[in-house]
Amino acid sequence: MSGAELFRFRSNHPGIYRVIRSSGLDHVYTTWWFLVIAGFFSANIALNLSGRIKISVKQFKEEGIPGPERIGRLNLSRTFVLDREARESVKGKIRDIVSEDGYRVKEYPEGLSASKGRWGLWTVPLFHGSILIILTGVLISSLTKFGGTFEISEGQVFSGKKDEFISKDYGLLNLEPRFDFHLRLRKFNAEYWDAEHPRLYQSVMDVYKKGVVVLSKKVEINEPLRYEGLSFYQSKYHGYSAYFGLMEKGGGPETGGYVNFPYKKRYTGRLTQKFHIPQTSYECELGLDPPDGNELDIKVSDKGKVIRTGRLKRGGKIDIGRYYLVFHDIVKWTGLYVKRDYGVPVVYTGFVLLVLSVFMVVFIVPKRVWFVYDKDRIFIGAMAMRTSAAFKEEFEDIIARACPEMNNKEGGTP
Amino acid sequence: MTEEIILYWIGATLYGLGSVFALTGFVFKKDKLLSIALLLGAIGLVPHGGAIVIRWVRVGHGPYINMYEVMSSDAWVAMFFYLVIQRRFRFLKNASIAVMPVIFLLMGFGLMSSSRGIPLSPSLRSYWLILHILFAKLCTASFLIAFGCAVLYIYRDARRAETVFGKQIPSLEKLDVFIYKFNALGFAFLTIMIIAGSIWANNAWGRYWAFDPVETWSLIVWLSYGLFLHLRLNRNWAGKRSAVLTLAIFILSILAFFFIPYFLKTVHSEYLVR
């Protein structure tokens, strides 16, 4: 909903608007109750995670061979009857085949255990852990973030003072950022594909610290300026700005200031702007014809009565009582968004782990195969996490290769 | 422009014919017709790919800005992905009865959208955006194959006794595994798509998540596929339940990705609904 729509809604339905405001439904994701729900969700994942880690550790460390009874309970299990000689030959063959297939083989007096993709046992804890890390990052953002928009004209300096911002938004802790530096917009470049489509918006910024340029950067959309924990994004595009000086008659010091004309998607037709001249009671109305206008139409009034009108060129001035209003230049202004968000690195760490875990789900399947020799029988059991049915073919293939002579000697389930 | 449209139409026609052959082959149980369908799909990739390249050169950017470009490239990637996968797993040939008509519909949907070339705006010049789009296409293709397997599963499950055509359709067990595998692969691609989009948004506008309608709906789709995987792995939801759930989530994902931008104001509408 746009600001104007919200304002209309507020006028038409003041009661409903009060309910919406008091419950935070107009900013759900930064309300305390949303954070509480997210907190419960995170706690749930955390509890689940601790349980999953225990299971994974147990499975990862699991050694030894299950008994014939447990093998019989597995979805994939077979039993064969073999004489002593055949059994000895099969034993060696089994070891070679599972090793060839990339299994990690461990031999025991009672049989053999082969495992593959053991790291896949960590997939679920890693997946849940990464979501927890992302949610932690989101929580940090919600509590500590700061964002603010400001407009800056070519040649103008921004130092992060309160009155330089057009709007600000905070996390729940309302933490103010520290600006130990100044920014200066050296130049703003705008290029277009055609009358309708922009190609480039670029602010050439200089960062000053203790009066010295410590960093210069071309800030574009997708190319923010990052300095001392703050990021500056190209957010608004550009407008025109008139740079004035106010000079006391008789040679007093000159104070300067910018008057921004409103932003338009396409600059056709006349731009106008009104402003109050500081230290006086005068109002001033300006008229400019962009994009090539070099002259300003100016009308100064005092309490509604026009006292001066004129057309000023660069460097021209107009007499307004105690002062001269000097028109220096027409420059471009642009809008930037400054943000500090300690949650981002945490969220990104979660992203990396999440990607890793989802690919582990697909490509690393923990599999185990056991061969247990008992007198005249051989018990073969196998299990695979997540895709037991898909593992069936591989299991059958291992058996077919390892024990072709046993095909007709099945001994039933143990 | 004319050559591009002609080639697009040739591609769409071949896919359409392929769909007809696939359905006819399936209904009349003629394996040869299914093979012709796949051949038509493969031939269709050439003029369709030509149309995409011509447009790429003409507008100066990849096929991912407006709905026409998105649909066209999604259809091409899905067809290519499907043909490659079915070369490896031949039984997936039968999934053409579901996959090819959906691809044909994507082409038709693209034709209904404006094909006007829009130059690349500054916010869209990002490597993260390319990753975002590439993985969007891969996840669509992967989910589409899972959808095809689910359709086959339900068909086969309803005709357990029928054996004449049974040889052509893989066993229920095998289909079930492929439904899981392609949904899991699609889930991995979807995850990367969302993450790449999130990093791109953070670089462009200074926020990694804004609960934009398409973002929110992508999250809903992600959670739905996550639910599918959880139910499968923890509650042993396999077989018919898994197939039906796959159909439902696939339809939800199509609505979320391709229809939501038309109905709700979103940062994606800026490009897609033009």
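Residues numbered from 1 in each chain as written. Chains lettered and ligands numbered in written order. Predicted model: local features only at pLDDT ≥ 70, side-chain atom pairs only at ≥ 80, totals over all residues.

Q: Could you clarify how one ought to interpret the overall build of chain A in this entry?
A: Along chain A, the regular secondary structure elements total eight helices and 21 strands. Here the C-alpha radius of gyration of chain A, 37 Å, is well above what a compact globule of 414 residues would show, namely 22 Å. The principal-axis extents of the C-alpha atoms in chain A amount to approximately 120 × 50 × 40 Å. Taking all 414 residues of chain A together, 29% fall into the buried category. Sequence separation of at least 24 residues holds for 62% of the intrachain contacts in chain A that already meet a minimum separation of 6. (Helix = DSSP H or I, 4+ residues; strand = E, 2+ residues; numbered from the N terminus. Rg over C-alpha atoms; globule rule 2.2 N^0.38 Å. Buried ≥ 20, exposed ≤ 12 C-beta atoms within 10 Å, placed from the backbone. Contact = placed C-beta atoms within 7 Å.)

Q: Looking at this model, I keep getting lost on the overall build of chain B. Mind explaining?
A: Scanning chain B from terminus to terminus reveals nine helices and zero strands. Counting helices and strands in the order they occur from the N terminus, chain B gives α-α-α-α-α-α-α-α-α. Against the 2.2 N^0.38 benchmark of 19 Å for 274 residues, chain B shows a C-alpha radius of gyration of 19 Å, consistent with a compact globule. Taking all 274 residues of chain B together, the buried fraction comes to 48%.

Q: I'm lost on the interface of chain A and chain B in this one. Help?
A: A common way to report how large an interface is uses the accessible area buried once the components associate. Taken residue by residue, the interface counts 29 residues in chain A and 26 residues in chain B. Of all the secondary-structure elements, those providing two or more residues to the side of chain A that touches chain B are β8 (198-209), β11 (230-234), β19 (323-340), α7 (343-363) and α8 (388-402) of chain A. Looking at the side of chain A that touches chain B, the element that brings in the most residues is α7(A), giving nine residues. Split by residue class, the side of chain A that touches chain B holds 20 nonpolar, five polar and four charged. (Nonpolar A, V, L, I, M, F, W, Y, C, P; charged D, E, K, R; others polar.)

Q: I keep staring at the sheet that holds strand β17 (residues 305-312) of chain A and nothing clicks. Help me out?
A: Each strand in a sheet pairs with another by means of backbone hydrogen bonds, the pair being arranged parallel or else antiparallel. Residue and element names in this part refer to chain A. Strand order in this open sheet of four strands is β14-β15-β16-β17, and the pairing throughout is antiparallel. Looking at the sheet topology across the chains shown, the edges are occupied by β14 (271-276) and β17. When the angles between neighbouring strand axes are averaged without regard to direction, this sheet yields 15°. Where β14 meets strand β15 (residues 282-288), six bridges bridge the pair, whose relative direction is antiparallel. Note on β15: the bridge partner recorded for Q273 is L286. (Pairing = 2+ DSSP bridges. Axes fitted to C-alpha atoms, helices over the stretch in contact; angles between N-to-C directions.)

Q: Whenever I open this one, the domain arrangement of chain B confuses me. Can you help?
A: Residues and elements named next belong to chain B. Split by domain assignment, chain B resolves into domain 1 (1-111) and domain 2 (121-274). Here the side of domain 1 that touches domain 2 takes nine residues from helix α3 (residues 67-88), the largest share from any one element. The residue inventory of the side of domain 1 that touches domain 2, partitioned by class, reads 16 nonpolar, three polar and three charged. (Domains from an automatic or database assignment.)

Q: What is the right way to look at the packing of α3(B) against helix α4 (residues 96-112) of chain B in this model?
A: Two quantities define a packed helix pair, namely the angle between the axes and the distance from one axis to the other. Residue and element names in this part refer to chain B. The geometry of α3 relative to α4 is characterised by a closest axis approach of 8 Å and an angle of 160° between their N-to-C directions. By the angle between their directions, the pair α3 and α4 is classed as roughly antiparallel. The crossing of α3 and α4 is left-handed. Seen from α3, the contacting residues are M67, Y68, M71, S72, D74, A75, A78, M79 and Y82; seen from α4, they are V99, I103, L106, M107, F109 and G110. For the contact of α3 with α4, the per-class residue count stands at 12 nonpolar, two polar and one charged. (Parallel < 35°, antiparallel > 145°, perpendicular 65-115°, else oblique. Left-handed = near helix turned anticlockwise from the far one by under 90°.)

Q: Explain the sheet that holds strand β1 (residues 76-81) of chain A here, please?
A: All names here are of chain A. Spatially, five strands are ordered β1-β21-β20-β3-β2 in an open sheet, and the strand pairing comes out antiparallel. The sheet is open, and its two borders are formed by β1 and β2 (104-108), each paired with just one other strand. Neighbouring strand axes in the sheet, compared pairwise and without regard to direction, differ in orientation by 10° on average. Examined bridge by bridge, strand β3 (residues 111-116) and strand β20 (residues 367-374) share six bridges and lie antiparallel to one another. Paired with K116 across the strands is K367, a residue of β20.

Q: Would you mind showing me how to read the environment of A:V347 here?
A: Topologically, A:V347 is positioned in helix α7. Separated by 206 residues in sequence, A:V347 and A:S141 place their C-alpha atoms 9.3 Å apart.

Q: What should I look at first to understand the confidence of the model for chain B in this one?
A: Reading fine detail from the predicted coordinates is not recommended where pLDDT is low. Model confidence for chain B is summarised by a mean pLDDT of 88, while 94% of its residues fall at 70 or above. For this predicted complex, the interface confidence reaches an ipTM of 0.84, while the overall pTM sits at 0.83. (pLDDT = per-residue confidence, 0-100.)

Q: Looking at this structure, I do not really get the pairing of strand β16 (residues 296-302) of chain A. What am I missing?
A: All names here are of chain A. Pairing of β15 with β16 involves six bridges; the strand directions are antiparallel. Within β16, the position partnered with E285 by the bridge is K299. The sheet contact formed by β16 and β17 spans seven bridges and is antiparallel. By the bridge assignment, D302 is partnered in β17 with K305. Hairpin connection of β16 to β17: two residues between the antiparallel strands, including K303 at a positive phi of 50°.

Q: Got a minute to help me understand the nonpolar core in this structure?
A: One broad trend across soluble globular proteins is that nonpolar side chains are buried collectively. Residues B:I103, B:I145, B:C149, B:I179, B:F189 and B:M193 are the most contacted members of the largest nonpolar core, which totals 103 residues. Per-element accounting of this core gives the leading share, 21 residues, to helix α6 (residues 172-205) of chain B. When residues of this core are sorted by domain, at least three fall in each of domain 1 (1-111) and domain 2 (121-274) of chain B. Apart from the residues within four sequence positions on either side, B:C149 is in contact with B:A95, B:L175, B:F178, B:I179 and B:F182. Counting residues in hydrophobic clusters, the runner-up holds 27 residues, among them A:F80, A:L82, A:I94 and A:V372. (Core = buried A, V, L, I, M, F, W, Y, C linked by C-beta atoms within 7 Å.)

Q: Please explain the pairing of strand β12 (residues 239-248) of chain A as it appears in this structure.
A: Residues in a regular strand point their side chains to alternate faces of the sheet. Residue and element names in this part refer to chain A. Counted residue by residue, β12 has seven buried out of 10 residues, so it is predominantly covered. Strand direction decides the pairing type here: β12 and β19, joined by 10 bridges, are antiparallel. Its bridge partner lying in β19, A242 is registered against I330. Pairing geometry for β12 and strand β13 (residues 254-260), over seven bridges, is antiparallel. Directly across from G245, in β13, lies its bridge partner G256. Where β12 folds back on β13, the antiparallel hairpin that results is connected by five residues, among which G250 adopts a positive phi of roughly 90°.

Q: In this structure, what is going on with the environment of A:R314? I would like to understand it.
A: All names here are of chain A. Here R314 is to be found in the loop between β17 and β18 (317-320). Note: C-alpha distance between R314 and R95 (219 residues apart in sequence) is 91 Å. Leave out the neighbours within four places in its chain, and R314 touches N294, F327, H328 and D329.

Q: What am I meant to see in the environment of A:D180 here?
A: Residues and elements named next belong to chain A. Checked against the element boundaries, D180 lands in the loop between β6 (167-170) and β7 (182-192). Note on D180: 10 C-beta atoms within 10 Å, which makes it exposed. Placed 212 residues apart in sequence, D180 and K392 show a C-alpha to C-alpha distance of 65 Å. Once you skip the residues sitting within four places of it in the chain, D180 turns out to touch K209 and E228.

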